[in-house]
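Below, each chain spelled out in residue letters.
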Amino acid sequence: MSERSPSPPALERFFTYRLNTLAKLNDMATHALYTAELGLGLSEARTLSSIGSFPQLTVNQLAFEANLDKGQASRAAQSLVDKGLVQKVASPLDGRSVFLALTPKGKTLWRKVMVRVEQRNDELTRCLSDEEYDQLLDMFARMLAHAKAGQQTGRT
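Residues numbered from 1 in each chain as written. Predicted model: local features only at pLDDT ≥ 70, side-chain atom pairs only at ≥ 80, totals over all residues. Heavy atoms only, no water.

A word on helix α1 (residues 15-38)
Taking 1.5 Å per residue, 24 residues should reach 34 Å; α1 reaches 33 Å between its end C-alpha atoms and fits that length. Those residues of α1 lying buried are Asp-27, Thr-30, Leu-33, Tyr-34 and Leu-38. Elements that come into contact with the buried residues of α1 comprise α2 (42-53) and α5 (104-125). One or two residues past the end of α1 sits Gly-39, with phi positive at roughly 70 degrees. (Helix = DSSP H or I, 4+ residues; strand = E, 2+ residues; numbered from the N terminus. Expected span 1.5 Å × (residues − 1). Buried < 20%, exposed > 50% of the residue type's maximum accessible area, 1.4 Å probe, protein only. Contact = heavy atoms within 4.5 Å.)

In structure tokens, the structure reads:
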């Protein structure tokens, strides 16, 4: 007589639950990597990688791109300013606004962070074939576009 294996809890059947769980596991592994190899916390590394990847970010834009709340983004950016990795540049259009930019020292570290980002991406997706990986990126692109359109119209 065989025992029936219990079905997974209802929550585990949802894509959003699995996505959040995957993100949490990735964050834990990434944080350990950044701390051990680069001496940066996860928020600092995300901030550095975003500032280096998206020119002329404000703190509000940084928060979105780095997946941080505004307070975390502000603290991480200030920490990187204090370390000489990031500088604040006054906006030529609005003197009250500043953009964040990498210093030469920040650009050097940014390149190292981006290598680690690529390594983490490769490690996480190693279980997929090239075709599956391309399909996954296509599906995520469509879901992101759908979510952004819903955000703009107030619907998700």
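Now, onward.
Structural notes on the pattern of salt bridges
Scanning the model with the defined rule gives five salt bridges in all. The partner of Glu-44 in a salt bridge is Lys-83, and the shortest N-O contact between them spans 3.0 Å. Here Lys-83 lies in the loop between α4 (70-82) and β1 (86-90) and Glu-44 lies in helix α2, a separation of 39 residues in the sequence. You can call Glu-44 buried: its relative accessible area is 12%. Note that Arg-142 is salt-bridged to Asp-138, the shortest N-O span being 3.2 Å. Taken together, the positions of Arg-142 and Asp-138, both in helix α6 (residues 130-153) and four residues apart, correspond to about one turn of that helix. For Asp-138, a relative accessible area of 41% translates into the label partly exposed. (Salt bridge = Lys/Arg side-chain N within 4 Å of Asp/Glu carboxyl O.)

Things to note about the packing of aromatic side chains
What the rule picks out here adds up to one aromatic pair. Look at Phe-15 and Phe-140: their rings are 6.2 Å apart centre to centre, the planes differ by 55 degrees, and that puts the pair in the tilted class. With a gap of 125 residues between them, Phe-15 in helix α1 and Phe-140 in helix α6 connect regions that are remote in the sequence. Looking at Phe-15, the relative accessible area reads 43%, which means it is partly exposed. Looking at Phe-140, the relative accessible area reads 28%, which means it is partly exposed. (Phe/Tyr/Trp six-rings, centres within 6.5 Å; stacked < 30°, edge-to-face > 60°.)

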